[in-house]
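Topology and contacts: notes
Given next are the chains, with one letter for each unit.
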Amino acid sequence: MPSQQGTSFLPEEDLLNSILNELKRTVREYTTATTEASCPAIRRMFSELTAETLQMQGDLYQLIERQKQYPASVPTAIKADVDKQLQAMQQTSQATRDFTAQRTSGLESYSHTPNVTSHPTNVQPGH
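1. Brief notes about helix H1 (residues 12-36)
- Taking 1.5 Å of rise per residue, the 25 residues of H1 would be expected to cover 36 Å, and the 36 Å separating its terminal C-alpha atoms lies within 8% of that figure.
- Every buried residue of H1 is accounted for by Leu16, Asn17, Leu20, Leu23, Thr26, Val27 and Thr34.
- In the core, the buried residues of H1 are packed alongside helix H2 (40-66).

Here is the structure:
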């Protein structure tokens, strides 16, 4: 919020880093919401919000970097290290899919047919 002299309550560098950190936090929150959403439409909405927020975060980071205001330089990753981590994550992901498929196969045979009929709700919509 600018004062009467036109200066901000925070130096520009601090303000931009605060916004950057909030965008990072927001991405984490949207990611959590995406993974916990059971409704496909809600899941899609949070996925889209995550992507949009990641784009804003990346754009802001590039702006800060161009202005030489980023507090610490980020070391360049060695491609071989990144490839190794990617391969390990892909293997973990596949193992998780295999485990889930193994544990959930045959669950259909354990489904339970209700022994009572469905009853109408006692709460009217809008109340």
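Let's pick the thread back up.
2. Quick word on the packing of aromatic side chains
- Counted by the stated rule, this structure contains one aromatic pair.
- Plain terms: the ring middles of Tyr30 and Phe46 are 5.9 Å apart, the flat faces sit at 45° to each other, and that makes the pair tilted. Note that Tyr30 is positioned in helix H1 and Phe46 in helix H2, a separation of 16 residues in sequence.

3. Re the pattern of salt bridges
- Tallied over the full model, the rule gives two salt bridges.
- Where Arg25 meets Glu22, a salt bridge forms, and the shortest distance between an N and an O atom there is 2.9 Å. With Arg25 and Glu22 both in helix H1 and three residues apart, this pair spans about one turn of that helix.
- The exposure class of Arg25 is partly exposed, given its relative accessible area of 35%.
- For Glu22, a relative accessible area of 41% translates into the label partly exposed.
- Salt-bridge contacts for Asp83 lead to Lys79; the nearest nitrogen and oxygen are separated by 3.0 Å.

4. Concerning the confidence of the model for the protein chain
- For the protein chain, the average pLDDT comes to 81, and 72% of its residues sit at 70 or higher.
- Per-element mean pLDDT across the protein chain ranges from 86 in helix H3 (residues 79-104) up to 93 in H2.

5. Things to note about the nonpolar core
- Counting residues in hydrophobic clusters, the biggest one holds five residues: Leu16, Leu20, Leu23, Leu60 and Ile64.
- For this core, the elements supplying multiple residues, two or more each, are H1 and H2.
- Ranked by residues supplied to this core, first place goes to H1 with three residues.
- Aside from chain neighbours lying at most four places away, what touches Leu60 is Leu16, Ile19, Leu20 and Leu23.

6. Description of the environment of Leu60
- Turning to its location among the elements, Leu60 is positioned in helix H2.
- Taking the C-alpha atoms as reference, Leu60 lies 9.1 Å from Asn17; in sequence the two are 43 residues apart.

7. Observations concerning the packing of H1 against H2
- Following both chains from N to C, one finds H1 and H2 inclined at 160°, their axes separated by 9 Å at the closest point. When the axis of H1 is compared with that of H2, the two are roughly antiparallel. Handedness of the H1/H2 crossing: left-handed.
- Residue classes in the contact of H1 with H2 are distributed as 14 nonpolar, nine polar and two charged.

The rules behind the values
- Residues numbered from 1 in each chain as written.
- Predicted model: local features only at pLDDT ≥ 70, side-chain atom pairs only at ≥ 80, totals over all residues.
- Heavy atoms only, no water.
- Helix = DSSP H or I, 4+ residues; strand = E, 2+ residues; numbered from the N terminus.
- Expected span 1.5 Å × (residues − 1).
- Buried < 20%, exposed > 50% of the residue type's maximum accessible area, 1.4 Å probe, protein only.
- Contact = heavy atoms within 4.5 Å.
- Phe/Tyr/Trp six-rings, centres within 6.5 Å; stacked < 30°, edge-to-face > 60°.
- Salt bridge = Lys/Arg side-chain N within 4 Å of Asp/Glu carboxyl O.
- pLDDT = per-residue confidence, 0-100.
- Core = buried A, V, L, I, M, F, W, Y, C linked by side-chain atoms within 4.5 Å.
- Axes fitted to C-alpha atoms, helices over the stretch in contact; angles between N-to-C directions.
- Parallel < 35°, antiparallel > 145°, perpendicular 65-115°, else oblique.
- Left-handed = near helix turned anticlockwise from the far one by under 90°.
- Nonpolar A, V, L, I, M, F, W, Y, C, P; charged D, E, K, R; others polar.

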